[in-house]
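Architecture and fold: a report
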Amino acid sequence: MNVLLIVTDALRPDHLSCNRYHRNTSLNIDNLAKNGINFTNCYTTITKTNPALCSIFTGLYPHNHGIRLISDTNIKENITSLAEILKAHEYKTGFLGLSEIHYNQTRNGFDDFNLLKWKIRNKIKGYLGVGGAEYSIDNTIDWIKKNKNHKFFFTFHISDIHYPYHIPLPYNQNDSDIQRLYDVTINKSYYRGDIHFGNVKLPLIYIDYAISCYDAGISYIDTQ
């Protein structure tokens, strides 16, 4: 059995059409849910990327594995990850994700981890970095083809629907003037933390715009 773990950063279950969202955002995810298992009461151990990923890979809470913040770099000693277990059972292991945040917490047990050739390939195509849904998919498919004769465990982590929601056309059909107004106003008039914790209330036009971009991002990654 092969294992493919797809981690979509900042994905809300209540914005998936398979969970009765009013927009059709997720045709392919809907098909997976229909033909597989959809856990409707699934909760994260923490709302920070690195600690949550470490919990996924270890089955432990953040206070057990030692990673509580994005800036924490060293997981506790003597903790075994899923990748290490599968590698010990002769699985080929690979990880593709946000290289700037994944340090040592998620590296353990992976044969191929954010390879330089993936970054070079993306740069040639005009994309800077290793992530990005369509580029992640291309590199993931190549890795799977290369390792198709082995048992494999591959994880790729995409974050296209993470704030600030810069979603490509044709998925994002919002007016470009509203986008510029939103970007300038949000960046100059509000602190991000105040928005997150509800200390300020955004004008309804900005809220509707952000939700529209977010939903467009779900459609984008779903298509990829």
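The structure reproduced in this document is the subject of the present report. (Residues numbered from 1 in each chain as written. Predicted model: local features only at pLDDT ≥ 70, side-chain atom pairs only at ≥ 80, totals over all residues. Heavy atoms only, no water.)

Take the side chain of Asp215 next. The residue Asp215 is located in helix H9 (residues 204-223) in this model. Of the residues examined, Asp215 reaches a relative accessible area of 4% and is grouped as buried. (Helix = DSSP H or I, 4+ residues; strand = E, 2+ residues; numbered from the N terminus. Buried < 20%, exposed > 50% of the residue type's maximum accessible area, 1.4 Å probe, protein only.)

A word on the packing of aromatic side chains. Going through the model one piece at a time under the given rule, you end up with 14 aromatic pairs. Here Trp143 and Phe152 contribute two aromatic rings whose centre-to-centre distance is 5.8 Å and whose plane-to-plane angle is 85°, an arrangement assigned as edge-to-face. The exposure class of Phe152 is buried, given its relative accessible area of 8%. With relative accessibility at 4%, the residue Trp143 sits in the buried group. Feature note: the residues Phe57, Phe95, Phe110, Phe113 and Phe153 constitute an aromatic cluster, connected by ring pairs. (Phe/Tyr/Trp six-rings, centres within 6.5 Å; stacked < 30°, edge-to-face > 60°.)

Next up on the list: the pattern of salt bridges. If you walk through the whole model with that rule in mind, you get 4 salt bridges. For Arg12, the salt bridge goes to Asp14, with nearest N and O atoms at 2.7 Å. Residue classification places Arg12 among the partly exposed residues on the basis of a relative accessible area of 44%. You can call Asp14 partly exposed: its relative accessible area is 38%. Across the pair Lys87 and Asp111 runs a salt bridge, and its minimum N-O distance is 3.1 Å. Of this pair, Lys87 sits in helix H4 (residues 82-88) while Asp111 is found in the loop between strand S2 (92-96) and strand S3 (112-113), placing the two residues 24 residues apart along the sequence. Judged by relative accessible area, Lys87 falls into the partly exposed class, the value being 41%. Given the relative accessible area of 30%, Asp111 is considered partly exposed. (Salt bridge = Lys/Arg side-chain N within 4 Å of Asp/Glu carboxyl O.)

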